[in-house]
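Residue-level structure breakdown
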Amino acid sequence: MMRKTLRWPITALLYWESSPRPLYSLKMEISCLNLIMIFKSESKKMKKQPYLFTFCLLFGMAQLVLAQNPQMVKDINAVAAGMPNVGKQAVVGSILYFVKEPSEIWKTDGTSIGTVLVKHIISASGDARIDNLTNVAGTVFFSANDGVSGKELWKTDGTAAGTILVKDIFVGSSDSNPEDFTAYNGELIFSAKNEAKGIEIWKSDGTYSGTAIVKDIETGSANSYPHGFKAVKGVLYFSAQTTANGEELWKTDGTTGGTVLVKDINPGDDSSTPDKLTNVSSYLVNNGVLFFRANDGTHGLELWKSDGTTAGTVMVEDIYVGDASSSPTEMANVDGVLYFSASSADVGRELWKSGGTAANTVLVKDIFVGSESGFSSVFWVVGNTYYFRANDGTNDWELWKSNGTAAGTVMVKDINTNGSGSPSNLLNIGSTLYFTADDDVHGRELWKSDGSAAGTVLVKDIRAGSNDASTGFFANLSGSLIFGASDGIEQEFWISDGTELGTHKIIMPGHTFGGEPRELVRIGQLIYFSANDGINGTELWKSDGTAEGTVLVKDINVGSSSSSPSSLVNFNGTLFFSATNSTNGIELWKSDGTNAGTVMVKDIELGSSNSSPFDFEGIGNRLFFVASKSDSGRELWKTDGTSAGTVLVKDLNAGTDSSTPTRLTNVNGTLFFFIERDLPPETILCKSDGTAAGTIEVDNIGPYVRIGSVAVMDNSLFFTYEKVSNNYWLIVKSDGITTTVLDVGYQFYCSGLTKVNNTLFFSANRFPEGQELWKTDGTVEGTVLAADINSTGSSRPNSFCDINGTLFFEADDGVNGMGLWKSNGSAATTALVKGIYAGNSEINGIYNMGGMAYFAATDGLHGRELWKSNGTTAGTVLIADLNPDNNNGFPGAPYYTSHFASIGNTLYFVADDGQHGFELWKYTPCPQGFTATPTGTVTTHQLASETVISIAGSPNTIPSGANVIYQASKYVQLNPGFKTDTGAVFVAKIDGCN
């Protein structure tokens, strides 16, 4: 007899068979501790035998419980994926640091295995606004918002531990907004603001104490807006603004005393607005001169230079003579000579060069002869050659180059002989210039050039055909080109050595594209949905909840093209939907779940044109829907599932004009819907018995109205609509004969009609309460405010769901943020279940399964993830952090409600774990608890509670021949008196279900 209560911890599996060699095993792939325990069995064969127990310890037990139960059903799209949503980068040696939007710092050495997450900056779901990645002596500085300190100065050494906030410059949650990062003398120079100073010049050596304001140029809380930093011969020049001098040229050596105004170019408080600061220096000798453009108030915006002294800061040349501006731009150093574009009255915007004097500031070539402009805003320097985009009036915008002479300024190649090649994103690696261009055959793709026409070639047609690969984000990493491109799936990281074979994606280990399941519909024991496996396009799929049973039903549009099934609906056990194949347009289809049984019902609009069926509503053996036909417009149709039985019900707007039926609703066997007419403009409530004669107008709702939500109660249709003329909303009911206005005067919003028992709840906005929870019993007197949840503003109730006779919804009481609420229709019964997040949580898609509310939300620590609630605060919990890098595991609106379905006690949903994209998942909660008293013959499997099984009773015996399973989430408690007879099998599963 056992003298002691025994408990097995979470995630253990204990298997006990009454035999001479009992077996115990625990399912865990972590460090374990073996313990020997002695059981005394009533069976002679089991007397005082030692049994080995393996107890497994895991730090962060709560995370284990959360992560164990939801399972991805299948990685439908198993095509290997690269890195999406990239931007902003900095190179340190052989490592490229970059930003994966919205809030992650990553690094790569150009290989798949070497492409890794450095750190997720923000602890909650949201945009960290990472920017300004800058390499300063091997440390990457950047600006970011961690959700606590505002947008501040950060740094990284390539490790998570070494990726830290340098200093909260503007203390608290406000932003210091560091900008204009520049490496100077081994430190970072930038602009920022704090609570006492405005936007001023700062510096940092990467430490808290070494991060300080350089000078308060515009004293106090006013801003000097320093920007445009450029180092020339050890001096850092920039533009800054003061009340006394306006925006002028300044310089600094990194000290307060050495930060001074160079010259008030436009005297007084007017601004010369210097920008485009450029260091022009010989490649071999550091003899740099600062060139820039400025406006002295007399000559317009012209070319200037400075040696750092007031006297040495002068206008080089008044290119556009007088007070007009030549507006020099695209300024670049070519071995001590400034190349730039400028405008003049006689030649337009063209290519110029300057050696720093008026005499050697000259037009290089009038590319588009005459006053038209031949120069565009794209340029790059390779050695002694200046590459740029230009138009000579004959070949449109193409790639040009110049050596500074008219004869040496020529088009490299006419890439697009039918239009503009429009080269952009120029970057050289060695003597090879990489860029993007469109040759009118392959779309915008990656090109390279050695400066000759023959050597200017397409590197690779990344997105096959004439579509654009959307290439961009160029960086030189150890002699290879890193760039972003799309091969038709999504924008990802690519690498190239300049050859077609050597141009490929950087595949993320274990990462695949999402199948993007949509419109989950249950029929029997199967879930139907549309998905894309990366091979057959978006097609019709089904799942029985297993990977093996999750299969393509039919490749309707054969090959990689998509049939794009939509408007999926279960009609009497058959799936109906809209889809297109290679021959017909978007038409009505049906499926019994087999390939052969998935067929087009009828080609309503013959040929490749679309009838686009949608808004399905079944009544009896008829499925009503809306479809278009060229001779009748968009009208009401019905089908019995056969081609012959798929017919137009009635052409309500006779001829080719459309009545555009909407809100098809079954009201006790009669179809109600709304139509629109243009002349005169009016919205009409109609009903139909499925015949042309029985399809009639019920009531003219009025001109210029917008129908909101609809619901059915007491054999009547309830609906809300807006009078567009004054933005006032009304709630109305109709039994098909009489239309009654229940209430008027709701401002801006009245929607969300949801039936709970004999009450319709809705959200409406009325002064002075704001947008709050309302209800109606179908009478004028019974249409009243249910609860003023936010007494100081609008609670914005939304996402209504009936769960066992109680309304669950989201609302904001002004204190707890958007939280989960419930109501039985009175102010007293309207209560906060749980404030999920004091910020803007936005609960989405509340779904009822087994009396539990399931929804997606963020709590400020995790992204948008799966939650559940039993209506209590303690019972409202995060089920799983499916995307643990704090990204959103769930897709955004409006897909939530169509992304939940259930079979029995299993919830099916669509989520992204950060590796597989959006795929089909399932979750089975723990069953309810019980106390087991195994007396007599116990042969069935017993399921457990969410907390504990307590096995009680005396005698407490599992008899011979029994095969019993107990399953719990926390422990199985074996009380004194427990024993097994010879030949009995007892299994205790502690699975950590949630």
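Sequence order as written defines residue numbering, which begins from 1 separately in each chain. Side-chain atom pairs in this predicted model are given and counted only at pLDDT of 80 or more, local residue features only at pLDDT of at least 70, and totals for whole chains, interfaces and linings cover all residues. Values shown for side chains rest on all heavy atoms present in the structure; no hydrogens or waters enter the calculation.

Regarding the packing of aromatic side chains
- Pairing of aromatic rings covers Phe, Tyr and Trp, the last through its six-membered ring, and needs centres within 6.5 Å; plane angles under 30 degrees mean stacked, over 60 mean edge-to-face, and all others mean tilted. With the rule as written, the count across this model stands at 23 aromatic pairs.
- Their ring planes at 45° and their centres at 5.3 Å tell us that Phe229 and Phe238 sit as a pair that is tilted. Take Phe229 and Phe238: they sit in the same class, and that class is buried.
- Following the ring pairs from residue to residue traces out a cluster consisting of Tyr339, Phe375, Phe379, Tyr386 and Phe388.
- Two thresholds decide whether a charge sits over a ring: the Lys NZ or Arg CZ must be within 6 Å of the ring centre and within 35 degrees of the ring normal. Above the face of the Tyr208 ring, Lys167 is positioned so that its terminal group lies 4.6 Å from the ring centre. Residue burial is assigned from relative accessible area. The probe radius is 1.4 Å, only protein chains are included, and a residue is buried under 20% of its type maximum, exposed over 50%, and partly exposed in between.

Describing the environment of Phe624
- Tracing the backbone through its elements, the reader meets Phe624 in strand β51 (residues 622-629).
- Measuring from C-alpha to C-alpha, the distance between Phe624 and Thr639 comes to 6.6 Å, with 15 residues separating the pair along the chain.
- The contact criterion used throughout is that any non-hydrogen atoms of two residues lie within 4.5 Å. Setting aside its immediate chain neighbours within four residues, Phe624 contacts Asp615, Phe616, Glu617, Ile619, Leu636, Trp637, Lys638, Val649, Leu664, Leu671, Ser688 and Gly690. Under the scheme used here, helices are H or I runs from DSSP no shorter than 4 residues and strands are E runs no shorter than 2 residues, and both carry numbers assigned from the N terminus.

Focus on the sheet that holds strand β33 (residues 410-413)
- Strand pairing is defined by DSSP finding a minimum of two bridges between the two strands. Judged by pairing direction, the sheet is antiparallel, and its four strands sit side by side in the order β30-β31-β32-β33 without closing on themselves. Among the strands making up the open sheet, the edge pair consists of β30 (375-382) and β33. The average undirected angle you get between the axes of adjacent strands in this sheet is 35°.
- Direction of pairing for β30 relative to strand β31 (residues 385-391): antiparallel, over a ladder of five bridges. Convention adopted: a line fitted to C-alpha atoms gives each axis, helices being fitted over their contacting stretch, and angles between N-to-C directions are expressed from 0 to 180 degrees.

Points about unusual backbone geometry
- A cis amide bond, omega 5°, links Phe767 with the succeeding residue Pro768.
- As for its placement among the helices and strands, Pro768 is situated in the loop between β63 (759-766) and β64 (770-776).
- Its identity is not glycine, yet Glu519 carries a phi of approximately 55°, on the positive side.
- The topology assignment puts Glu519 in strand β42 (residues 518-523).
- For Arg796, which is not glycine, the phi dihedral falls at a positive 50°.
- In this structure, Arg796 sits in the loop between β65 (784-787) and β66 (798-803).

This is a description of form; function is not addressed.
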